[in-house]
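Residue-level listing of the chains:
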Amino acid sequence: MTSTVHQGQKPKLGVAEMRLKNNRLGMTIFQISWIMVFLALIVVNWQLRFSYNEWPPAGVAPFDPLLPSAATLSLLLSSLLIKRGLDALRAQSPRGFLMRWRGAMALGIAFMAIIVYEFASVSDAAMATQYGLTMRLMTGFHFVHALAILAIIIRVYRSGAAGRYSGDEHDSWAVEGTAKLWHFVTVAWIMFYVVLYWIR
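This one's a predicted model, so the numbers in the text were calculated from it and none came from an experiment. Residue positions are counted from 1 within each chain, in the order its sequence is given. Restriction of local features to residues with pLDDT of at least 70 applies here, the model being predicted, together with a cutoff of 80 or more for giving and counting side-chain atom pairs; totals for whole chains, interfaces and linings are based on all residues. To get the side-chain values, all heavy atoms of the structure are used, and hydrogens and water are removed first.

S.K.: For the overall build of the protein, give the residues involved together with the corresponding values.
M.R.: From N to C terminus, the protein includes six helices and zero strands. Relative to its length of 200 residues, the protein is extended, with a C-alpha radius of gyration of 21 Å against a globular reference of 16 Å. Here the C-alpha coordinates of the protein stretch approximately 80 × 40 × 20 Å along the principal axes. In the protein, which comprises 200 residues, the share counted as buried stands at 40%. Long-range pairs, those at least 24 residues apart, make up 81% of the contacts in the protein with a sequence separation of at least 6. Carbon and sulfur atoms form 65% of the exposed surface of the protein, whose accessible area is close to 11400 Å². Lys and Arg are tallied as positive, Asp and Glu as negative. Neither His nor the chain termini are counted. Each charge is placed at NZ for Lys, CZ for Arg, CG for Asp and CD for Glu. For the protein, the distance from the average site of its 18 positive side-chain charges to the average site of its 10 negative ones is 7 Å. Strands are runs of DSSP state E lasting at least two residues, helices are runs of H or I lasting at least four, and both sets are numbered from the N terminus onward. For this measure, only C-alpha atoms enter the radius of gyration; the expected value for a globule follows 2.2 Å times N^0.38, where N is the number of residues. Throughout, exposure labels follow a simple rule: accessible area from a 1.4 Å probe, protein chains only, divided by the maximum for the residue type, with under 20% read as buried, over 50% as exposed, and the rest as partly exposed. Only heavy atoms matter for contacts: two residues are in contact if any of them lie within 4.5 Å across the pair. Using the Shrake-Rupley algorithm and a 1.4 Å probe, accessible areas are obtained, with residue cover drawn only from the displayed protein chains.

Structure follows, in structure tokens:
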């Protein structure tokens with residue numbers, strides 16, 4: 001028995017379409033809520049800095065932005081490759097998808113290696129102040145998120161290599177959702193990067 005759609009009525013969504021719509025809505029809500037958490041950490045950073053007469057405090061050298069700038073560039077390029085990999089999959093090019101995601105993973109690992117180095121190299125003088133402590137809090141908080149999402153990227157890559165995604169948006173939500181999570185990591189880091197290394 002077939003159902004007809006009367007004029008002026010929207011056709012009912014199928015199960016797959018409804019699931020995809022709900023997935024996208026859930027991801028949007030998640031991203032907005034977690035961006036608020038990152039914004040809250042930025043507000044904490046500003047509140048602390050305004051409690052000092054100067055920032056960084058006297059006797060503490062400001063953080064050098066050179067390596068974090070390289071890390072930021074790596075993350076931006078990684079996010080671009082993630083997007084292009086998703087585009088390649090949608091264009092029925094699984095090989096292009098895998099190649100771009102390999103590049104994205106390598107750049108993501110480079111980003112994280114630099115952040116670990118930055119975290120570990122905070123001076124004792126900085127760690128004796130809120131300047132060093134908030135830097136470690138913010139970079140460590142971001143690192144945990146990036147590590148978890150990079151693990152998801154690797155898992156999705158392996159599933160793609162096993163041929164589990166056709167490129168149809170309904171059966172490749174894992175790829176789309178993971179790409180959105182990595183873009184979230186990129187946006188969150190750029191906010192932290194500007195606050196920690198450029199705003200004095």
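Right, picking up where we left off after that structure.
S.K.: So what about the pattern of salt bridges? Which residues, and what values?
M.R.: Two side chains of opposite charge can pair, provided their charged atoms sit close to one another. A carboxyl oxygen of Asp or Glu within 4 Å of a side-chain nitrogen of Lys or Arg is what we treat as a salt bridge. Per the counting criterion, the structure on display carries four salt bridges. Salt-bridge contacts for Glu 176 lead to Arg 24; the nearest nitrogen and oxygen are separated by 2.8 Å. Residue Glu 176 is located in helix H6 (residues 173–197), and its partner Arg 24 is located in helix H1 (residues 15–49); the two are separated by 152 residues in the primary sequence. Overall, the relative accessible area of 27% leaves Arg 24 in the partly exposed class.

S.K.: Talk me through the side chain of Ser 74; I want residue IDs and the actual numbers.
M.R.: Residue position: Ser 74 is located in helix H2 (residues 66–90). With a relative accessible area of 13%, Ser 74 lands in the buried category. Not counting residues up to four positions away in its chain, the partners in contact with Ser 74 are Leu 107, Ala 110 and Phe 111.

S.K.: An account of unusual backbone geometry is requested, with residue identities and associated values reported.
M.R.: The peptide bond linking Trp 55 to Pro 56 adopts the cis configuration, its omega dihedral lying at 0°. Along the polypeptide, Pro 56 turns up in the loop between H1 and H2.

S.K.: Lay out the environment of Arg 49 in plain terms, naming residues and giving numbers.
M.R.: You can see Arg 49 is positioned in helix H1. Put simply, Arg 49 and Val 195 are 146 residues apart on the chain and 11 Å apart in space, counted from C-alpha to C-alpha. Apart from residues no more than four positions distant in its own chain, Arg 49 is found in contact with Trp 55, Val 195, Ile 199 and Arg 200. Definition of a polar contact: a pair of N or O atoms within 3.5 Å, with one able to donate and the other able to accept a hydrogen when the atoms are protein atoms, and with sequence-neighbouring residues admitted only if both atoms are side-chain atoms. A distance of 2.9 Å separates a polar atom in the side chain of Arg 49 from the backbone oxygen of Ile 199.

S.K.: Explain helix H3 (residues 94–120) to me, using residue names and the numbers behind them.
M.R.: Here H3 contains 27 residues, and its C-alpha end-to-end distance of 39 Å stays within 8% of the 39 Å for a straight helix at 1.5 Å per residue. Within H3, the full set of buried residues consists of Gly 96, Phe 97, Leu 98, Trp 101, Ala 104, Met 105, Gly 108, Phe 111, Met 112, Ile 114, Ile 115 and Glu 118. The inward-facing, buried residues of H3 abut H2, helix H5 (130–161) and H6. Expected span of a helix, by definition, is 1.5 Å for each gap between consecutive residues, and there is one gap fewer than residues.

S.K.: Help me get a handle on the nonpolar core, residues and values and all.
M.R.: Nonpolar cores are built from buried Ala, Val, Leu, Ile, Met, Phe, Trp, Tyr and Cys residues. Side-chain atoms within 4.5 Å join them into one set. With 50 residues, the main nonpolar core has Phe 97, Trp 101, Phe 111, Val 175, Trp 182, Trp 189 and Phe 192 as its most contacted residues. Mapped onto this core, the elements with two or more residues apiece are H1, H2, H3, H5 and H6.

S.K.: So what's going on with the packing of aromatic side chains? Residues and values would help.
M.R.: When two rings of Phe, Tyr or Trp (its six-membered ring) have centres within 6.5 Å they constitute a pair, described as stacked for plane angles under 30 degrees, edge-to-face for angles over 60, and tilted for the intermediate range. This structure, assessed with the given rule, holds 15 aromatic pairs. Where Phe 38 meets Phe 192, the ring centres are 5.1 Å apart and the plane angle is 45°; that geometry is what we call tilted. Remark: Phe 192 occurs in helix H6 and Phe 38 occurs in helix H1; sequence separation between them is 154 residues. Phe 192 shares its class with Phe 38; the two are buried. Where Trp 55 meets Tyr 131, the ring centres are 5.3 Å apart and the plane angle is 80°; that geometry is what we call edge-to-face. Pair noted here: Trp 55 is in the loop between H1 and H2 and Tyr 131 is in helix H5, with a separation of 76 residues, a long-range link. Relative accessible area serves as the criterion here: at 12%, Trp 55 is assigned to the buried category. For Tyr 131, a relative accessible area of 3% translates into the label buried. Among the aromatic residues, those joined into a ring-pair cluster are Tyr 52, Trp 55, Phe 63, Phe 111, Tyr 131, Trp 189, Tyr 193, Tyr 197 and Trp 198. Criterion for a charge above a ring: Lys NZ or Arg CZ within 6 Å of the ring centre, and within 35 degrees of the ring normal. Over the aromatic face of Phe 119 sits the side chain of Arg 136, whose NZ or CZ is 4.7 Å from the ring centroid.

Any functional reading would require information that these geometric values do not contain.
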